[in-house]
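Topology and contacts: notes
Below are the chains, spelled out letter by letter.
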Amino acid sequence: MRLRNVRGAREEILVNPYVIQEPQQYKGHVAVQIFGNNNPIFIEVGMGKGQFITSLAALHPEINYIGIEKYSSVLIRAIEKQEELQLPNLKFLRFDAEYLPDIFAPGEIAHIYLNFSDPWPKDRHAKRRLTSSRFLGLYDQILADGGIVEFKTDNQPLFDFSLESVKESGWTLLMQTRDLHHSEFAEGNVMTEYEAKFSAMGNPIYKLEAVHDKKA
Ligand code: SAM
């Protein structure tokens, strides 16, 4: 994603009520202490400007959503949307996914979305891909039993890499498609910012869902 520095974004994020500050202190109690309920928590890692997770939160008030984004300049756009909507079940974190197990306890997360993750095309950067076995191992630490990872992209090499990575890591593939918008899985699909942009250019959208059976 090309990032433009947004003046004041960092400062705003440090005081904004929709951003969870010092998230380590809530580990193991996020639903109760942040949302005031016991509803399941779904996270999007690499949320960007937040269109996808904001739409989901509006559709599913019975689920707690947390959008996680590394960069202030894009996170601030998601915050602006949420300030208009004020959805009680949506919060944000400015955080690097590398450290997810520092802020969520084992089993605390019910579902993880990865949308149009950065492809890191060079082999030597493969470990930085959010679907690498390194990251799947981190997700495994925080996902509840039966918790699913959903991944969408328009990048074929990244999709192929992700299928391999899922298999190598011992996860079970629940579904995959190489043309989501023209598949049986199209109904109910909520588009992300990148998905809208790339599908308008005629790119097919790839999707997979995978689960890691912890009892296996
Ligand atoms: N998911 C959005 C969409 O589909 O429109 C944004 C996609 S954008 C290509 C990928 C986003 O992931 C960027 O905003 C980037 O900053 C974020 N990101 C990449 N690596 C990350 C990490 N390790 N932790 C948190 N966010 C990350």
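Structure first, text after, so check above.
Just so you know, these numbers come straight off a predicted model, no measurement behind them. Here the residue numbers are simple positions, counted from 1 along each chain's written sequence. In keeping with the model being predicted, local features are shown solely for residues with a pLDDT of at least 70 and side-chain atom pairs are shown and tallied solely at 80 or more, while totals for entire chains, interfaces and linings include all residues. Excluded from the side-chain calculation are hydrogens and water; included are all heavy atoms of the structure.

Looking at helix H3 (residues 51-59)
Taken residue by residue, H3 has Phe52, Ile53, Thr54, Leu56 and Ala57 as its buried positions. Residues of H3 that are buried in the fold lie against strand E1 (41-45), strand E2 (64-69), helix H4 (72-85), strand E3 (90-94), strand E4 (109-115) and strand E5 (143-153). Exposed residues in this analysis have more than 50% of their type's maximum accessible area, buried residues have under 20%, and partly exposed residues fall in between, with area computed by a 1.4 Å probe over protein chains only. In DSSP terms, a helix is any run of H or I states spanning at least four residues, a strand is any run of E spanning at least two, and both are numbered starting from the N terminus. Here a residue-residue contact requires only that any non-hydrogen atoms of the pair lie within 4.5 Å.

Quick word on the site of the ligand
Near residues are defined by distance, with any heavy atom within 4 Å of the molecule or strand qualifying the residue. Taken together, 19 residues lie near the ligand, and Gly46, Glu69, Asn115, Thr192 and Tyr194 sit nearest. Residues adjacent in sequence count toward polar contacts only when both atoms are side-chain atoms; beyond that, a polar contact is any pair of N or O atoms within 3.5 Å, and within protein one must be able to donate a hydrogen and the other to accept it. Interatomic distance of 2.9 Å between a backbone N/O atom of glycine 46 and a nitrogen atom of the ligand. Within the backbone of asparagine 115, one N or O atom sits 2.9 Å away from a nitrogen atom of the ligand. Areas reported here follow the Shrake-Rupley algorithm with a probe of radius 1.4 Å; residue values treat only the protein chains shown as occluding. The fraction of the free accessible surface of the ligand (600 Å²) that becomes covered by protein chains is 96%. Within this scheme a cavity is a closed region of a 1 Å grid, computed over the protein atoms alone, that accommodates a 1.4 Å probe without allowing it to escape, whereas a pocket is open but has protein on both sides within 12 Å along at least five of seven lines; lining residues each have an atom within 4 Å of a point. The way we define it, a molecule is inside a pocket or cavity when more than half of its atoms are within 2 Å of that pocket's grid points. Among the detected pockets, the ligand sits in the largest pocket. Under this grouping Gly is polar, as are all residues other than the nonpolar Ala, Val, Leu, Ile, Met, Phe, Trp, Tyr, Cys and Pro and the charged Asp, Glu, Lys and Arg. Broken down by class, the residue content of the shell around the ligand amounts to nine nonpolar, four polar and six charged.

A few points about empty space enclosed by the protein
If a probe as big as a water molecule is rolled over the atoms, it shows which places are left empty. Grid points are joined across faces, edges and corners, and a volume is the space filled by probe spheres set on the points. Enumeration according to the criterion identifies two cavities of 30 Å³ or more in this entry. Its boundaries defined by the atoms lining it, the largest cavity holds a volume of some 50 Å³. Residue lining of the largest cavity: Leu114, Thr131, Leu136, Val149, Phe151, Ser162, Val166, Leu208 and Ala210, and that is the complete set. At the level of elements, E5, helix H7 (156-168) and strand E7 (206-211) are the ones that each hand at least two residues to the lining of the largest cavity. Residue composition of the lining of the largest cavity, by class: seven nonpolar, two polar and no charged. Lining the second largest cavity are Ile20, Pro23, Tyr26, Val30, Ile66, Leu93, Ile103 and Phe104. Here the residues of the lining of the second largest cavity are counted per class, giving eight nonpolar, no polar and no charged.

Considerations on a positive patch on the surface
Residues qualify for a patch when their relative accessible area is over 30% and they have no salt bridge, like charges being joined within 9 Å and the nonpolar side chains of Val, Leu, Ile, Met, Phe, Trp and Tyr within 5 Å. Just to be clear on terms, a salt bridge is a Lys or Arg side-chain nitrogen sitting within 4 Å of an Asp or Glu carboxyl oxygen. Lys and Arg are tallied as positive, Asp and Glu as negative. Neither His nor the chain termini are counted. Here the site of a charge means atom NZ of a Lys, CZ of an Arg, CG of an Asp or CD of a Glu. A surface patch of positive charge is lined by Lys70, Lys122, Arg124 and Arg128. On the secondary structure map, lysine 70 appears in the loop between E2 and H4.

Brief notes about the packing of aromatic side chains
The description of an aromatic ring pair rests on the distance of the ring centres and on the angle between the ring planes. Think of it this way: a Phe, Tyr or Trp ring, Trp meaning its six-membered ring, pairs with another when their centres are within 6.5 Å, and the plane angle makes it stacked under 30 degrees, edge-to-face over 60, tilted otherwise. A complete count under the given rule lists seven aromatic pairs for this structure. Seen from their ring centres, phenylalanine 42 and tyrosine 113 are 6.2 Å apart, and the 50 degrees between their planes marks the pair as tilted. In this pair, phenylalanine 42 is assigned in strand E1 and tyrosine 113 in strand E4, connecting sequence segments 71 residues apart. Overall, phenylalanine 42 belongs to the buried group, its relative accessible area being 13%. Seen from their ring centres, phenylalanine 159 and tyrosine 206 are 5.1 Å apart, and the 40 degrees between their planes marks the pair as tilted. Taken as a pair, phenylalanine 159 in helix H7 and tyrosine 206 in strand E7 lie far apart in primary sequence, 47 residues in all.

Let's talk about helix H8 (residues 193-200)
Note: α-helices contain 3.6 residues per turn, so residues at a spacing of three or four share the same orientation. Among the residues of H8, the N-terminal cap falls to threonine 192, whose side-chain oxygen and the backbone nitrogen of tyrosine 194 are separated by 3.3 Å. Following H8 by one or two positions, glycine 202 has its phi on the positive side, about 95 degrees.

A few points about the side chain of glutamate 195
Among the secondary structure elements, glutamate 195 is positioned in helix H8. A polar side-chain atom of glutamate 195 sits 2.8 Å from a polar atom in the side chain of asparagine 189. Look past the residues within four positions of glutamate 195 in its chain and what remains in contact with it is Phe116, Lys152, Leu180, His181, Asn189, Val190 and Ile205.

A few points about unusual backbone geometry
Its identity as a non-glycine residue notwithstanding, glutamate 22 has a phi of 45 degrees, on the positive side. Taking the relative accessible area as the measure of exposure, glutamate 22 reaches 60% and is therefore exposed. The residue phenylalanine 116 is not glycine, and still its phi comes out positive at about 50 degrees. Along the chain, phenylalanine 116 turns up in the loop between E4 and helix H6 (133-142). Judged by its relative accessible area of 9%, phenylalanine 116 falls in the buried class.

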